[in-house]
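# Descriptive analysis of the structure
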Amino acid sequence: MDEHTSLACLIYDLSEHGVRLVSLDPACVPEVFVLAARPFAEPRVCRVVWRGAEEIGARFAAP
């Protein structure tokens, strides 16, 4: 995948510090990625902190 790939996901948990996402293939999500979603005024840079079979937990990068 290149830096312009989009992956569908569901946001299950959202806090001011991070997010839990459900994706069909979390292994395809890079360690650092940009999350663009309706709850955010601007896309957020995220860093993966854990991975499960269908989920990832990510922390938002400091602005």
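About the cut-offs
Residues numbered from 1 in each chain as written. Predicted model: local features only at pLDDT ≥ 70, side-chain atom pairs only at ≥ 80, totals over all residues. Heavy atoms only, no water. Helix = DSSP H or I, 4+ residues; strand = E, 2+ residues; numbered from the N terminus. Rg over C-alpha atoms; globule rule 2.2 N^0.38 Å. Buried < 20%, exposed > 50% of the residue type's maximum accessible area, 1.4 Å probe, protein only. Contact = heavy atoms within 4.5 Å. Areas by Shrake-Rupley, 256 points an atom, 1.4 Å probe, with all protein chains shown as cover. Lys, Arg positive; Asp, Glu negative; His and termini not counted. Charge placed at Lys NZ, Arg CZ, Asp CG, Glu CD. pLDDT = per-residue confidence, 0-100. Salt bridge = Lys/Arg side-chain N within 4 Å of Asp/Glu carboxyl O.

Glancing now at the overall build of the chain. Looking only at helices and strands, the chain features zero helices and five strands. Counting from the amino terminus, helix and strand elements in the chain follow one another as β-β-β-β-β. Here the C-alpha radius of gyration of the chain, 11 Å, is about what a compact globule of 63 residues would show, namely 11 Å. Viewed in the frame of its principal axes, the chain has a C-alpha envelope of about 25 × 25 × 20 Å. The 63 residues of the chain split such that 25% are buried. Put simply, of all contacts in the chain between residues at least 6 apart along the chain, 39% involve residues at least 24 apart. As displayed, the chain offers around 4,700 Å² of accessible surface, 55% of which is attributable to carbon and sulfur atoms. The chain carries 6 positive and 9 negative side-chain charges, and their two centres are separated by 6 Å.

This paragraph deals with the confidence of the model for the chain. Detailed reading of the predicted coordinates is not advisable wherever pLDDT falls low. When pLDDT is averaged along the chain, the result is 88, and 94% of the positions lie at 70 or above. Of all the helices and strands in the chain, strand β1 (residues 10-14) carries the lowest mean pLDDT, 91, while strand β5 (residues 55-60) carries the highest, 96.

Here the focus is the pattern of salt bridges. All chains considered together, the criterion is met by three salt bridges. Put simply, E55 and R20 hold a salt bridge, and the shortest N to O gap is 2.3 Å. Note that E55 is positioned in strand β5 and R20 in strand β2 (residues 18-22), a separation of 35 residues in sequence. The class of E55 is partly exposed, set by a relative accessible area of 24%. Using a relative accessible area of 22% as the deciding quantity, one classes R20 as partly exposed. A salt bridge links R51 to E31, with the nearest nitrogen and oxygen atoms 3.0 Å apart. One end of the pair, R51, is in strand β4 (residues 44-51); the other, E31, is in the loop between β2 and β3 (32-35), and 20 residues separate them in sequence. With a relative accessible area of 34%, R51 lands in the partly exposed category. For E31, a relative accessible area of 45% translates into the label partly exposed. What you see here is one network of salt bridges that share partners, running through D13, R20 and E55.

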